[in-house]
Amino acid sequence: MSKPEIELMAHLIRNAGFGETEPELLARCKNSYTDNLEFLLNPGDPEVMPQDIILRMNGSLDEGPGTGASDWMYRMVTTKNPLEEKLTLFFHGLFAVAYSKGNQARSQLNQIDTFRRFAFGSFKDLLLELSKDPAMIFWLDNNENVSGNVNENYGRELLELFAMGVGNYNEEDVKECSRAFTGWTIYNMEYMRVKAIKDSFSPFGRIAWHFEYRDHEHDHGEKTFLGEKGKFNGEDIIDIIVRQPATARFICQRLFQFFACDKVDLKGADVISEMVRNYYESGYQIRSVMRALFSSDYFKSLATENCRVRNPVELVVGALRISESISTPSPAITSKLDTTNFMGQGLLRPPSVEGWHEAEEWIDSGSLVERVNFVAKEFRDSSQPGIKKLLDSFIGHNQNISSQDLIDRCTSLIGYVNLESKTKESLLKHIERKCIDLDLNSKQIDISQLPQEFIAELFSLISITPEYQMA
Amino acid sequence: MKYIKTIGMISNVGQGRGFFNPNSCAFSSSGDMFMLNSGLNRVTVQTFDEDFLTEFATWYGNKPGDKKLNTPTDLEFDSNDRLYITDEVENAIFIYDVEGNFIDQWGKAGSNQGEFNGPSGLTIDSKDNIYVVDQYNNRVQKFSKDGEFIFSWGEFGNNPSEFNLPWGICVDNSDNIYVADWRNDRVQKFTQDGEFVFSLGTTGRGKEELIRPSDVAVDSNFNIYISDWGNERVVVLDKEGVYVSSERGQSTLTTGWTTEFFESNVDERDTREISNLIPSLPEHLQTPYHESSQSEPLFWGITDLAIDNFDRLYVTELRRHRCQIYE
């Protein structure tokens with residue numbers, strides 16, 4: 001296969017997944033781009049770290065915010081279905097619910113499961129499940145939303161943040177939407193509410209939540225919503241929402257920005273239009289929308305290369321998948337999770353219902369230090385199985401190569417990182433200095449004479465470049 | 001199985017009465033209950049009537065010379081009231097007297113004779129020989145009461161006398177050994193010499209099937225109790241291994257600790273009283289794990305079964321921070 005083919009595969013996996021090493025990319029390239037895309041869109045057995053092993057080694061992992069998130073992190077680090085987890089992460093950011101209010105990590109993980117189950121399916125089904133999700137219901141007070149005493153919190157955010165965006169509905173629509181969701185609550189609501197507010201574990205730990213519809217608390221009257229009239233319940237509202245052009249545009253643009261490019265230019269807008277067309281033609285299927293994005297000439301031309309800041313979770317998970325430093329349940333997972341938090345993206349702990357502020361806002365002076373330190377450490381650690389494998393690929397290659405070739409070799413191994421010439425020049429100077437120290441000819445380096453730690457250091461230096469930190 | 005009562009309540013401060021992620025209990029000759037807590041490590045001592053007596057081997061170190069635990073998994077008394085505790089990360093056995101004073105420890109990491117790789121279950125026979133489940137080495141090792149290696153059996157596999165991440169272990173009144181062969185979804189019975197007798201269970205959710213059994217106990221009539229961890233239940237078999245019944249759990253509030261908690265937390269008491277704590281669940285949550293996570297009376301995360309001096313069965317639930325007692 002040609003280098004452009006591998007680079008295209010690397011581009012796909014960096015955006016649809018968490019990035020892969022050269023050997024993994026070469027294995028994928030035995031099949032066509034289209035076949036690989038279909039595999040990502042129609043995942044089979046994820047072969048993730050077995051849940052029984054995680055639970056045995058970690059006890060009550062899903063009781064707290066940090067530990068609950070580690071359950072998910074193990075999954076992201078080991079899954080064979082990276083797009084499935086990436087979409088789940090996308091929906092976690094879009095439909096942001098934080099631990100701080102409900103104190104219910106188990107119910108949040110159930111919500112994450114829901115995002116995973118519906119990740120590729122109909123957006124309509126997903127919004128319906130979201131509206132019945134107990135963690136969301138409690139987060140946005142829909143358990144307080146009863147006939148005659150309407151709470152507009154969920155209805156408002158459903159329209160503003162989850163499905164349509166400001167400017168596509170009016171205040172009356174918010175009120176009517178909220179009326180339609182009266183009576184949508186959680187089972188044993190009164191007791192669960194008291195326990196959540198008091199953050200009470202007693203007497204026997206948390207009790208996870210599930211949905212309850214209380215017909216006697218539902219407003220059965222006629223409603224007018226987005227120009228339509230009827231005795232709407234929540235299902236009818238969702239049905240109306242997903243038909244709106246604003247909804248199609250909203251979800252497609254958010255997906256485009258999460259998976260392709262932070263900013264939308266004119267050509268990007270054309271791709272979004274194509275995604276919208278697929279949204280309607282497929283009956284709101286996310287799978288079709290994603291297929292339209294990744295099949296577009298725009299995406300495949302690499303026009304979107306390095307125009308999206310990797311979010312902290314994908315940065316950390318991507319590095320962990322390459323280093324393979326987490327292959328069994330380990331207390332070390334907690335520090336990895338803490339790192340994503342320090343970078344500004346605590347799993348199960350988004351800052352507000354708006355989710356995380358993404359794109360350039362991932363980078364500030366504090367988070368940048370965290371990002372650089374984390375990846376540098378992971379890639380420099382030659383004792384980690386994944387890094388060792390990459391280093392071993394140099395063994396037996398006794399050939400003399402130039403400094404330039406050495407850089408190309410290293411960038412290819414960790415996922416075909418496309419460095420700019422200025423970055424390459426800095427690395428070249430670094431290699432030359434090292435060659436002087438080791439009394440080697442930098443124009444013809446005998447690889448066997450180069451310490452493996454130095455090659456690992458090159459991986460590490462590449463990982464801290466802007467080109468690696470982007471996708 | 002007839003439910004008698006529950007002992008326990010969460011104590012996430014890790015001090016005083018209550019449990020936090022309890023994973024094993026044992027009884028001294030005087031009948032006091034010693035509970036090993038794996039969350040904020042410590043051993044708590046209480047009576048059947050929930051009188052809290054003391055604690056030791058605490059995470060915070062409550063007395064000079066107190067021996068702290070790292071990742072404790074099981075505990076058992078010998079005939080001299082010496083308490084043995086396995087620690088799967090320290091790869092060691094810690095020994096305390098009945099007052100909680102640290103006496104000794106032995107064991108180190110490895111796969112040679114007498115070495116451990118994640119020791120989990122532990123049991124002691126009538127002659128005070130000690131049997132330790134050496135989890136990641138997939139074997140059982142037998143030691144004298146002084147910690148001298150006698151012999152071991154088992155290796156990785158699913159044939160008779162082979163194991164896949166074994167967990168709990170017990171001895172019956174004839175000194176036969178039973179091992180919860182966790183990832184093989186079965187319990188194996190051996191003689192005290194390590195000779196295979198029979199195997200119980202196949203993978204599944206049916207009445208004679210098991211998913212990841214964590215522990216096993218045998219009463220004075222040789223009835224066999226298996227904690228069917230993945231099915232969140234206890235399975236009862238007769239001495240021949242024939243199915244008798246199973247139990248999903250029926251915990252009530254305790255007469256002491258939890259009742260007192262609700263006396264001072266009336267908002268929780270009143271709202272709890274109007275709740276249904278065993279609800280019907282949506283289809284996607286109809287698995288034993290989710291049912292137990294949403295239904296407080298049911299077993300959730302059984303890690304240990306123990307028989308007391310009155311032949312009562314104690315079912316320790318790591319995830320519900322309590323012990324349900326049956327006869």
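On a predicted model such as this, the values are computed, not experimentally measured, just so you know.

To continue, consider the overall build of chain A. Per the secondary structure count, chain A includes 26 helices and six strands. For a compact globule of 471 residues, the expected C-alpha radius of gyration is about 23 Å, and chain A comes in at 24 Å, within 12% of that figure. For chain A, the spread of C-alpha atoms along the three principal axes comes to 85 × 55 × 40 Å. Expressed as a percentage of the 471 residues in chain A, the buried residues total 60%. Look at the contacts in chain A between residues 6 or more apart in sequence, and 75% of them connect residues 24 or more apart.

With that settled, consider the state of the cysteines. Residues and elements named next belong to chain A. For the coordinates displayed, the defined rule picks out one disulfide over all chains. Put simply, Cys 261 and Cys 307 are joined by a disulfide, and their sulfur atoms are 2.4 Å apart. Taken together, the positions of Cys 261 in the loop between helix H15 (245-259) and helix H16 (266-281) and Cys 307 in the loop between helix H18 (297-300) and helix H19 (312-323) put the pair 46 residues apart, joining distant regions of the chain. Here Cys 261 and Cys 307 have matching classes, each one buried. Note on Cys 29: no disulfide assigned, nearest cysteine sulfur contributed by Cys 410 at a separation of 20 Å. Free of any disulfide, Cys 252 has its nearest cysteine sulfur in Cys 261, 16 Å distant.

Here we come to helix H3 (residues 33-41) of chain A. Residue and element names in this part refer to chain A. Residues Tyr 33, Asn 36, Leu 37, Leu 40 and Leu 41 constitute the buried set of H3. Projected onto a plane normal to the axis of H3, the buried residues spread over an arc of 135 degrees and lie on a single side. Elements that come into contact with the buried residues of H3 comprise helix H1 (3-16), helix H2 (22-28), helix H6 (82-94), helix H17 (286-295) and H18.

This brings us to the sheet that holds strand S25 (residues 313-317) of chain B. All names here are of chain B. Strands sit in the order S1-S26-S25-S24 across an open sheet of four strands; the sheet is antiparallel. In this open sheet, the two strands that pair with only one neighbour each are strand S1 (3-8) and strand S24 (302-307). Going from strand to strand, the sheet's axes swing by 20 degrees on average, the running direction of each strand aside. Relative to S25, S24 runs antiparallel, the two sharing five bridges. Within S25, the position partnered with Ile 307 by the bridge is Leu 313.

So, about the interface of chain A and chain B. Each partner contributes to the interface: chain A provides 32 residues, whereas chain B provides 49 residues. Buried area between chain A and chain B, both sides added, is near 3300 Å², and the carbon and sulfur share of it is 56%. One can count four salt bridges joining chain A with chain B. Applying the counting rule to chain A against chain B returns 20 residue pairs in polar contact (both at pLDDT 80 or more). Those elements that place two or more of their residues in the side of chain A that touches chain B are helix H4 (51-58), helix H8 (105-117) and helix H13 (189-198) of chain A.

This part takes up the domain arrangement of chain A. The domain architecture assigned to chain A consists of domain 1 (51-300) and domain 2 (385-469). Relative placement of domain 1 of chain A and domain 2 of chain A: their C-alpha centres are 44 Å apart.

Turning next to the sheet that holds strand S7 (residues 83-87) of chain B. All names here are of chain B. Strand order in this open sheet of four strands is S6-S7-S8-S9, and the pairing throughout is antiparallel. With partners counted over all chains shown, the strands left at the sheet margins are strand S6 (72-77) and strand S9 (102-106), one partner each. When strand polarity is set aside, the average angle formed by the axes of neighbouring strands in this sheet is 20 degrees.

This part covers the pattern of salt bridges. A full pass over the atoms with the stated rule returns 49 salt bridges over all chains. Here Arg116(A) ties to Asp113(A) by a salt bridge, and the two come within 2.7 Å at their closest N and O atoms. Taken together, the positions of Arg116(A) and Asp113(A), both in helix H8 and three residues apart, correspond to about one turn of that helix. In this structure, Arg214(A) engages Glu190(A) in a salt bridge whose closest nitrogen and oxygen atoms are separated by 3.0 Å. Of this pair, Arg214(A) sits in the loop between strand S2 (211-213) and strand S3 (223-225) while Glu190(A) is found in helix H13, placing the two residues 24 residues apart along the sequence. Taking the relative accessible area as the measure of exposure, Arg214(A) reaches 10% and is therefore buried. Within the structure, one salt-bridge network assembled from shared partners comprises Asp52(A), Arg183(B), Asp185(B) and Arg212(B).

Bringing the nonpolar core into the picture now. In terms of nonpolar packing, the biggest core is built from 138 residues, with Phe91(A), Phe95(A), Phe123(A), Phe294(A) and Phe459(A) touching the most fellow members. At nine residues, the largest contribution of residues to this core is made by H15(A). There are two domains that each give this core at least three residues, and those are domain 1 (51-300) and domain 2 (385-469) of chain A. Residues contacting Phe459(A), with those up to four places away along its chain left out, are Phe379(A), Ile387(A), Leu390(A), Leu391(A), Phe394(A), Cys410(A), Leu413(A) and Ile414(A). If you look at the next biggest cluster of nonpolar residues, it comprises 24 residues, including Ile186(A), Trp257(B), Phe261(B) and Tyr314(B).

So, on to the packing of aromatic side chains. Counted by the stated rule, this structure contains 43 aromatic pairs over all chains. Arranged with centres 5.2 Å apart and planes meeting at 65 degrees, the rings of Phe90(A) and Phe258(A) form a pair that is edge-to-face. One end of the pair, Phe90(A), is in helix H6; the other, Phe258(A), is in helix H15, and 168 residues separate them in sequence. Its relative accessible area of 6% is what places Phe258(A) among the buried residues. Ring centres of Trp182(B) and Trp229(B) lie 5.4 Å apart, and the angle between their planes is 65 degrees; on these two criteria the pair is classed as edge-to-face. Note that Trp182(B) is positioned in the loop between strand S15 (177-181) and strand S16 (186-190) and Trp229(B) in the loop between strand S21 (224-228) and strand S22 (233-237), a separation of 47 residues in sequence. Taken individually, Trp182(B) and Trp229(B) each receive the classification buried, so the pair is uniform in this respect. The residue whose ring lies beneath Arg409(A) is Phe394(A), and the NZ or CZ to ring-centre distance is 5.9 Å. When the ring centre of Phe48(B) is taken as origin, the NZ or CZ atom of Lys5(B), which lies over that ring, is 4.6 Å away.

Turning our attention to the pairing of S24(B). Regular strands place side chains that alternate from one sheet face to the opposite one. Burial analysis of S24(B) places five of its six residues in the buried class, which makes it a mostly covered element. In this antiparallel pair of consecutive strands, S24(B) and S25(B), the connection spans five residues, and Asp311(B) shows a positive phi of 65 degrees.

A separate point is the environment of Tyr178(B). Residue and element names in this part refer to chain B. Among the secondary structure elements, Tyr 178 is positioned in strand S15. Distance in space between the C-alpha atoms of Tyr 178 and Thr 123 is 9.6 Å, their sequence separation being 55 residues. Ignoring anything within four residues of it in the chain, the contact list for Tyr 178 reads Gly 168, Ile 169, Cys 170, Asp 172, Val 187, Gln 188, Lys 189, Val 216, Val 218 and Ile 224. Within the structure, the side chain of Tyr 178 is placed 3.4 Å from the side chain of Lys 189, a separation counted as a polar contact.

Position of Gln384(A) among the secondary structure elements: in the loop between helix H21 (365-380) and helix H22 (385-392). Not counting chain neighbours up to four residues away, the residues in contact with Gln384(A) comprise Ser323(A), Glu324(A) and Ser325(A).

Before going further, it helps to examine the pairing of S21(B). Residue and element names in this part refer to chain B. Of all five residues that make up S21, five are buried, and the element is covered over most of its length. Pairing between strand S20 (residues 213-218) and S21: five bridges, direction antiparallel. From the neighbouring strand, Val 216 faces S21, where its bridge partner is Ile 226. Between the antiparallel neighbours S20 and S21 lie five residues, among them Phe 222 with a positive phi of about 70 degrees. Between the end of S21 and the start of S22, which pair antiparallel, lie four residues, with Glu 232 showing a positive phi angle near 50 degrees.

Cut-offs and rules
- Residues numbered from 1 in each chain as written.
- Chains lettered and ligands numbered in written order.
- Predicted model: local features only at pLDDT ≥ 70, side-chain atom pairs only at ≥ 80, totals over all residues.
- Heavy atoms only, no water.
- Helix = DSSP H or I, 4+ residues; strand = E, 2+ residues; numbered from the N terminus.
- Rg over C-alpha atoms; globule rule 2.2 N^0.38 Å.
- Buried < 20%, exposed > 50% of the residue type's maximum accessible area, 1.4 Å probe, protein only.
- Contact = heavy atoms within 4.5 Å.
- Disulfide = S-S within 2.5 Å.
- Arc of directions from axis to C-beta.
- Pairing = 2+ DSSP bridges.
- Axes fitted to C-alpha atoms, helices over the stretch in contact; angles between N-to-C directions.
- Buried area = accessible area lost by both parts, 1.4 Å probe.
- Salt bridge = Lys/Arg side-chain N within 4 Å of Asp/Glu carboxyl O.
- Polar contact = N/O pair within 3.5 Å; in protein donor to acceptor, adjacent residues only side chain to side chain.
- Domains from an automatic or database assignment.
- Core = buried A, V, L, I, M, F, W, Y, C linked by side-chain atoms within 4.5 Å.
- Phe/Tyr/Trp six-rings, centres within 6.5 Å; stacked < 30°, edge-to-face > 60°.
- Lys NZ or Arg CZ within 6 Å of the ring centre and 35° of its normal.

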